[in-house]
Amino acid sequence: QTFDIVFKAPRFDANGKKIANAKFVKVLQNGVLIHENVELNGVTRGAIGGNTAKEVTVGPLRLQGDHGPVAFRNLRIKAM
């Protein structure tokens, strides 16, 4: 399985007011487009802090692998 993900974090103005939602610009699975320009209107369910988590512009990448044996390799992260 391969995934190519282009993600844009939410943006905030100088006062901390959100001016743009986070967005999955493009998500490909095995070369097939599965999401394009999908806006997120809040934190994801896996956010650190749970239901009280706040949106931020920079945070950790968290990979889920708790449904049986799984391995990750060749991870490449590029800030844009």
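The preceding data block contains the structure.
Residues numbered from 1 in each chain as written. Predicted model: local features only at pLDDT ≥ 70, side-chain atom pairs only at ≥ 80, totals over all residues. Heavy atoms only, no water.

Caption draft 1: Seen up close, the overall build of the protein. Of the regular secondary structure elements, the protein holds zero helices and five strands. For the protein, the proportion of its 80 residues judged to be buried stands at 9%. A sequence separation of at least 24 residues applies to 22% of the contacts in the protein between residues at least 6 apart. As presented, the protein carries roughly 7200 Å² of accessible surface, and 52% of it is formed by carbon and sulfur atoms. Of the charged side chains in the protein, 12 are positive and 6 negative; the average position of the first set lies 3 Å away from that of the second. (Helix = DSSP H or I, 4+ residues; strand = E, 2+ residues; numbered from the N terminus. Buried < 20%, exposed > 50% of the residue type's maximum accessible area, 1.4 Å probe, protein only. Contact = heavy atoms within 4.5 Å. Areas by Shrake-Rupley, 256 points an atom, 1.4 Å probe, with all protein chains shown as cover. Lys, Arg positive; Asp, Glu negative; His and termini not counted. Charge placed at Lys NZ, Arg CZ, Asp CG, Glu CD.)

Caption draft 2: Layout of the pattern of salt bridges. For the structure on display, the rule yields one salt bridge. Among the salt bridges present, the one from E55 reaches K18, with a minimum N-O distance of 2.8 Å. With E55 in the segment after β5 (32-40) and K18 in strand β3 (residues 18-20), this residue pair connects regions lying 37 residues apart in the sequence. You can call E55 partly exposed: its relative accessible area is 22%. (Salt bridge = Lys/Arg side-chain N within 4 Å of Asp/Glu carboxyl O.)

Caption draft 3: Quick look at the sheet that holds strand β4 (residues 22-29). The strand order across the open sheet built from three strands is β1-β4-β5, with neighbouring strands paired in antiparallel fashion. The sheet is open, and its two edges are formed by β1 (3-8) and β5, each paired on a single side. Neighbour-to-neighbour, the strand axes of this sheet turn through a mean angle of 10°, independent of strand direction. Direction of pairing for β4 relative to β5: antiparallel, over a ladder of seven bridges. Of the residues in β5, the one forming a bridge with K23 is E39. (Pairing = 2+ DSSP bridges. Axes fitted to C-alpha atoms, helices over the stretch in contact; angles between N-to-C directions.)

Caption draft 4: The arrangement of the pairing of β4 in detail. Where β1 meets β4, six bridges bridge the pair, whose relative direction is antiparallel. Counterpart to K8 in the pairing with β4 is K23.

Caption draft 5: Quick peek at a nonpolar patch on the surface. On the surface, L61, L63, V70, F72, L75 and I77 cluster together into a nonpolar patch covering about 640 Å² of accessible area. One can find I77 in the segment after β5. (Patch = residues over 30% accessible without salt bridge, like charges linked within 9 Å, V, L, I, M, F, W, Y side chains within 5 Å.)

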